[in-house]
Amino acid sequence: MPWNRKDLISIEQLSAEEINTIFETADAFKKVLGRKTAKTPALRGKNVVNLFFENSTRTRVAFEMAAKRLSADVTSLDMKTSSTAKGETLRDTVENIRALQADIIIIRHSAPGSAGYIAKILDIPVLNAGDGAHEHPTQALLDCFTLREKWGSLKGRKVAILGDILYSRVARSNIWAMQKLGAEVTLVGPSTLVPKQFEKLGVKVSHELKPALADKDAVMLLRIQHERQNASAFPSLNEYKSMFGLNADRFSWLKKDAIIMHPGPINRGVEIDSDLADCSQSVILEQVTNGLAVRMAALYLCNGGSAEAAIA
Amino acid sequence: MSAIWIKNGRIIDPKTERDELGDLFIVDGKIAEKPSQDILDTAETIDAEGLVVAPGLVDLHVHFRVPGQKHKETIQSGTAAAAAGGFTSVVCMPNTSPSVDNTGTVQLIKDIVDKEAVVNVFPTGTITMGRQGEALAPTGSLSRSGIVAITDGGKCVQNAGLMRRAVQYAHMFGIPVIDHCQDYQLSGDGVMNEGFVSTKLGLKGIHKGAEDIIVARDIVLSTHTKAHIHLQHISSKLAVEIIRRAKSRGINITAEATPHHIDLTDSEIESFNTNFKMNPPLREEEDRLALIEALEDGTIDCIATGHAPHTDYEKDVEFDYAPFGVIGLETALSVTLGQFYHSKRLSLAKALSFLTYKPSEILHLNKGTLGVGADGDVILFDPDETWTPKFRGFFSKSSNSPWLDRELKGKVKKTIVSGKLVFDGSEILANG
Ligand SMILES: [Zn+2]
Ligand SMILES: [Zn+2]
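- As annotated in an unreviewed UniProt entry, chain B carries the name Dihydroorotase and is attributed to Pelagicoccus albus.
- Annotation of chain B in UniProt includes, under Catalytic activity (unreviewed entry), the sentence "(S)-dihydroorotate + H2O = N-carbamoyl-L-aspartate + H(+)".
- Note on chain B: under the UniProt heading Function (unreviewed entry), the record states "Catalyzes the reversible cyclization of carbamoyl aspartate to dihydroorotate."

- Identification of chain A as Aspartate carbamoyltransferase from Pelagicoccus albus is taken from an unreviewed UniProt entry.
- Note on chain A: under the UniProt heading Sequence similarities (unreviewed entry), the record states "Belongs to the aspartate/ornithine carbamoyltransferase superfamily. ATCase family."

Have a look at this one:
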């Protein structure tokens, strides 16, 4: 199936076929990553600009390395002290960057909808690296790519997403992606972070850990950011840990060979016990490696590449 | 003696329940009985064949941004937008810069109105100094200088004790208090309705309870003080129910709804289009239907636009950072006709009542009727003509309308203020 999109803004917009096109392309790039000279010329001469209005070393570096593996020139801009502080609009900022001959823009921004907004303004590919609590498409793609590697397919599988769903773009993108790929999703956490409203997206919502984990093939943990907007969403980190933290006892409620995922960075000892994060059923580091292949695929396809030609 | 003879129109006066084909006469700026033949011989005649002849519309809630923000709107452009939309009287909010918390600013606005306005403009004063919600503005002096109500326009006094004193004090002067009902702890830094759509999009929500709680508070304060409180732009179903119960107990409150809250829901925000960002935000379908029902049974008294002009560059930003507010003067009649008349819910006269004598009576403006002796504020419109609002196609300086590029039905053909034609269907003609 060909890829006809200029941008990668949200998983909601994608069809299952398009997601699989990305996966097939990522399969090819993952083979490239295993080679001795792990580089392809696909984006040679292209200027990729990482435009980060929010701190995120992980995602920024992952996109940077993915672009470099495709032989692109990469410029990363930490916009925290730049345009917005000077009173410049986002439109002006991206139009200027475009005028400096950028060929692809990767944007991380705290405002939901911002990546889609600049994708409409610009004639070059825009990749969403997280727009507020809205979506984080490449994260969901790498998560599902990892599960697909383990299971062959997500069809009929049951996944629990546990933690701060309300403020999580990772959760939203994964809800879309996993359901489109045929998995059943259950959201778990306190009622203030996992509102019933989510049920209208076709998922199950539970505030009780044991029944929610009982028959799951995987559990995805989300970072609890008590210091941020959640200040009053639950009483304390200790309270959260005692009610919803994943420990060995609770992990035994899942299926025997269940997979543990986490988009990072992990609060060891809060959302998950340290031992569990490192156990053999944890795929946390594989997620990171797969993130490289998936982002290479996304950059490549949005630049006009085709899945078949990726293996070069 | 000057006279206008409007011939062969469908004359509708919701207040006197007149709805008939016939003629309407305006003599020396007032609605008149059929005058003598020599006056008719020299009268200016207007052919209203196929058109509705109705009282000029009344809007209790507009923002004209003067003084202080002329780049968004002026008295001239705002009243031109009003005339083009069929409004002959508007009540302007005091959230200007400086705000209307002193008689000097009232006088300044009146002077500009005298020079620039083509329709009647009634200013309001603030409840508190600088709209800060901390100290009462001089309600008595403001009232003497000619304001028709006090309101913190766009802001809500959070301190219930202070609000109690404000309504008690204003009641002494017979001045109504107009409130933008919103508890700030509950609305937080939300940018749209809190509900399924905000959950899906990851945008921060404004909980309906923020409105419901202040509506209830104001009803309590009105109950104890007997003061008249007018509740602006009601948007939530529960607020409607609270108002309905209060009215059945005879509490001295009135309420308005906006065209956008009765026509649109928060599902529009799926596109992140900032022309759907307003405060209170667009709610859900059950709320929208509750507002329509509330207008029909009188729980909500009237429709007011909340006309809030912003420049395109202010709205052309991320949804989080766009200012709240949309314009409404030029589309209100069509939207109202669409929801109530073209939908066959109500008669044309009943639909027009929400925009004519009902709002007028709330603030005792003495407008909105075609009764003999009333001011000669009259509009002619074609209820069936379709048109499509376009960017930069408004008489308002701003284009932040949620109905851009959507076909509407009902078009104003002529607007007459005090017996003077100010809008002829395409152009603003005169300084009123
Ligand atoms: Zn308001
Ligand atoms: Zn307002």
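Don't stop here, the text continues.
Considerations on the UniProt feature "binding site: Zn(2+) 2" (unreviewed entry) in chain B
Residues and elements named next belong to chain B.
Then, in step 1: In this structure's numbering, the residues bearing the UniProt feature "binding site: Zn(2+) 2" (unreviewed entry) are H180 and H233. In terms of the greatest pairwise C-alpha distance, the residues named above, spread along 54 residues, form a tight cluster of at most 7.4 Å across.
Then, in step 2: Topologically, H180 is positioned in the loop between β10 (177-179) and α6 (184-187).
Then, in step 3: Residues contacting H180, with those up to four places away along its chain left out, are G154, K155, C156, Q232, H233, N279 and P280.
Then, in step 4: Here Q182 takes part through its side chain, which lies 2.9 Å from a polar atom of the side chain of H180.
Then, in step 5: Along the polypeptide, H233 turns up in the loop between β13 (229-231) and α9 (237-248).
Then, in step 6: If we skip the residues at most four places from it in the chain, H233 touches H61, H180, E211, E256, A257, T258, H261, N279 and P280.

Structural notes on the side chain of R65 of chain B
Residue and element names in this part refer to chain B.
Then, in step 1: With respect to the helices and strands, R65 occurs in the loop between β6 (57-62) and α2 (75-85).
Then, in step 2: In this structure the side chain of R65 is engaged in a polar contact, spanning 3.1 Å, whose partner is the backbone oxygen of P309.
Then, in step 3: Ignoring anything within four residues of it in the chain, the contact list for R65 reads K70, K72, E73, N95, T96, A308, P309 and H310.

Details of the interface of chain A and chain B
Then, in step 1: At the interface, 20 residues of chain A touch 16 residues of chain B.
Then, in step 2: Across the contact surface, chain A and chain B share nine residue pairs in polar contact (both at pLDDT 80 or more).
Then, in step 3: If you list the elements that add at least two residues to the side of chain A that touches chain B, you get α4 (90-99), α5 (114-121) and α7 (169-180) of chain A.
Then, in step 4: The greatest single-element share of the side of chain A that touches chain B, amounting to three residues, is contributed by α5 of chain A.

Observations concerning the nonpolar core
Then, in step 1: One finds L127, I161, M178, L187, V219, L246 and L299 of chain A to be the most contacted residues of the largest nonpolar core, which totals 106 residues.
Then, in step 2: The leading source of residues in this core is helix α12 (residues 284-302) of chain A, at 11 residues.
Then, in step 3: Per-domain counts for this core show at least three residues from each of domain 1 (16-135 + 291-307) and domain 2 (137-287) of chain A.
Then, in step 4: Contact partners of L127 of chain A, with chain neighbours within four places excluded, come to L8, F63, I104, I105, I106, I107, A298, L299 and C302 of chain A.
Then, in step 5: Core analysis: the second largest hydrophobic core is formed by 81 residues, I12, V167, A170 and I219 of chain B among them.

About the cut-offs
- Residues numbered from 1 in each chain as written.
- Chains lettered and ligands numbered in written order.
- Predicted model: local features only at pLDDT ≥ 70, side-chain atom pairs only at ≥ 80, totals over all residues.
- Heavy atoms only, no water.
- UniProt positions renumbered as here; feature names shortened; annotations may be inferred.
- Helix = DSSP H or I, 4+ residues; strand = E, 2+ residues; numbered from the N terminus.
- Contact = heavy atoms within 4.5 Å.
- Polar contact = N/O pair within 3.5 Å; in protein donor to acceptor, adjacent residues only side chain to side chain.
- Core = buried A, V, L, I, M, F, W, Y, C linked by side-chain atoms within 4.5 Å.
- Buried < 20%, exposed > 50% of the residue type's maximum accessible area, 1.4 Å probe, protein only.
- Domains from an automatic or database assignment.

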